[in-house]
Structures are given as structure tokens and as C-alpha cells.
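# Summary of structural features
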Amino acid sequence: MSFHIEDYAYSRQRAPAVADSRHFRVRLRGQSIGLPVDCVKTVFHVENITPVPLAPPEVAGLANLRGRIVTMLHLDRCLWLDQPRDARSDRLAVGVEHNGEDYALLIDETEDVIAISEADRIDCPSHIDPRLRELLAGCYRLEPDFLSILDIGALLRRVTRSSEQTMRECRRGVTVKGEDK
């Protein structure tokens with residue numbers, strides 16, 4: 001997190017603006033997405049990802065981050081962003097913590113930490129996929145565009161449901177195969 005003296009400077013023209021929240025902006029498939037600063041623990045380059053058999057497509061695999069095993073998630077797949085991924089060899093991830101568990105979200109690039117005022121909150125634009133709206137904590141007006149803030153808890157619940165569905169389908173497949181014999 002960076003410190004900017006302008007955030008704390010007093011002006012005779014107006015009282016200093018007090019931000020209601022701070023978010024870490026990341027870029028994914030050309031879109032800017034905000035993550036709550038208090039969830040973000042680190043940003044790192046991913047060297048090796050171990051695939052997880054029978055995992056849903058949102059789960060990239062497992063990786064070692066400073067001696068801890070973290071679940072790597074394809075954030076683009078979690079958010080139904082179907083634009084093709086850049087053919088870059090380096091992979092960047094944001095390490096987040098939720099309910100004491102560590103996860104990493106694969107992203108394209110990092111931007112900056114920004115302060116957002118609740119006065120800038122807007123209704124999510126109608127062109128946003130309704131499934132995606134369920135994963136957002138809110139949308140905020142940022143000139144010239146807007147910023148969607150990701151609800152990490154909602155995202156992880158969605159991945160959990162997807163994983164449970166994959167396991168049910170696998171069990172049905174095993175049962176059906178067993179009955180054929």
C-alpha cells in the first residue's frame with residue numbers, strides 16, 4: 001500500500017475528501033476490477049502450477065507461495081470473461097485471504113490502490129452479465145468509466161458450488177460406468 005501526502009493535505013478551499021474504502025485495481029482481459037485492499041496479501045509471478053484432477057475449469061491448480069499451498073483460480077473463467085488470454089509466458093497472480101484460507105487469482109496486470117467514496121457508487125450498468133452482478137460488491141463511477149468491485153466471498157462460494165457440481169457429475173459417471181459392467 002502506498003502513502004500519498006495529497007490524501008492528507010489540508011486545503012483552505014475545501015475540506016479533505018474522506019474515502020469510505022480503498023481498493024486494489026487489477027486488469028483482466030482489458031477490464032479494470034477492484035479488490036478490497038484488506039483481502040489482498042501479495043502480488044507475485046507464478047512459476048509452477050500443479051493441476052488438480054477433476055477440478056472445475058475455474059481452478060488452475062495449486063501453487064507454493066512462500067511455503068504455503070494456495071489454490072490458484074482463473075479469475076477470467078470465474079467471471080465469464082471469454083476473451084482470449086494474451087500469449088505471454090509470465091503469469092501474474094494476486095494472493096488473497098478469505099476466512100483464514102489462502103487463494104491466488106490469476107490476472108493480466110496490476111494497476112494501483114485507489115480510494116473510493118460511497119458518493120460515487122452507481123447501479124451496475126445493465127450490460128453487465130447478471131451472473132457477474134452476483135459476484136460484485138458494487139460499481140463506482142470513475143471518470144471516464146466505472147469500476148466493478150469484486151466480492152471475494154461471493155466469488156469463492158461460486159467456485160465451491162462449481163466444484164461440488166463437478167464432483168457430483170464425476171460420481172454419476174463412475175456409477176453409470178459401474179452399472180454397465
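Here is a short report on the structure shown in this document.

## Topic: the sheet that holds strand E8 (residues 109–116)
Across the sheet, six strands lie side by side as E8-E1-E2-E11-E10-E9; this open sheet has mixed pairing. Edge strands, defined here as strands with exactly one partner in the open sheet, are E8 and strand E9 (121–122). Taken together, the two bridges between E9 and strand E10 (residues 136–142) define a ladder with antiparallel strand orientation. Following the sheet pairing, Arg121 is matched in E10 by Tyr140.

## Comments concerning the side chain of His23
Counting through the fold element by element, His23 comes out in strand E1 (residues 21–28). Look at His23 and you get buried, because its relative accessible area is 7%. Within the structure, His23 has its side chain in polar contact with the side chain of Ser21 (distance 3.5 Å).

## With respect to the pairing of strand E6 (residues 91–98)
Across six bridges, strand E3 (residues 40–46) lies against E6 in antiparallel orientation. Across the sheet, Val40 pairs through a bridge with Val96, a residue of E6. Examined bridge by bridge, E6 and strand E7 (residues 101–107) share seven bridges and lie antiparallel to one another. Within E7, the position partnered with Leu92 by the bridge is Ile107. Here E6 folds back onto E7 in antiparallel fashion, the turn holding two residues, of which Asn99 has a positive phi close to 50°.

## Examining the pattern of salt bridges
Within the structure shown, the criterion is met by ten salt bridges. The partner of Asp108 in a salt bridge is Arg29, with the nearest N and O atoms 2.7 Å apart. Of this pair, Asp108 sits in the loop between E7 and E8 while Arg29 sits in the loop between E1 and strand E2 (31–36), and the two are 79 residues apart along the sequence. Using a relative accessible area of 9% as the deciding quantity, one classes Asp108 as buried. We classify Arg29 as buried; its relative accessible area is 9%. In this structure, Arg121 and Glu118 form a salt bridge, with 3.7 Å as the shortest nitrogen-oxygen distance. Exposure remark for Arg121: the relative accessible area of 39% places this residue in the partly exposed category. The network of salt bridges with common partners includes Arg25, Arg27, Glu111 and Asp112.

Calculation notes
- Residues numbered from 1 in each chain as written.
- Predicted model: local features only at pLDDT ≥ 70, side-chain atom pairs only at ≥ 80, totals over all residues.
- Heavy atoms only, no water.
- Pairing = 2+ DSSP bridges.
- Helix = DSSP H or I, 4+ residues; strand = E, 2+ residues; numbered from the N terminus.
- Buried < 20%, exposed > 50% of the residue type's maximum accessible area, 1.4 Å probe, protein only.
- Polar contact = N/O pair within 3.5 Å; in protein donor to acceptor, adjacent residues only side chain to side chain.
- Salt bridge = Lys/Arg side-chain N within 4 Å of Asp/Glu carboxyl O.

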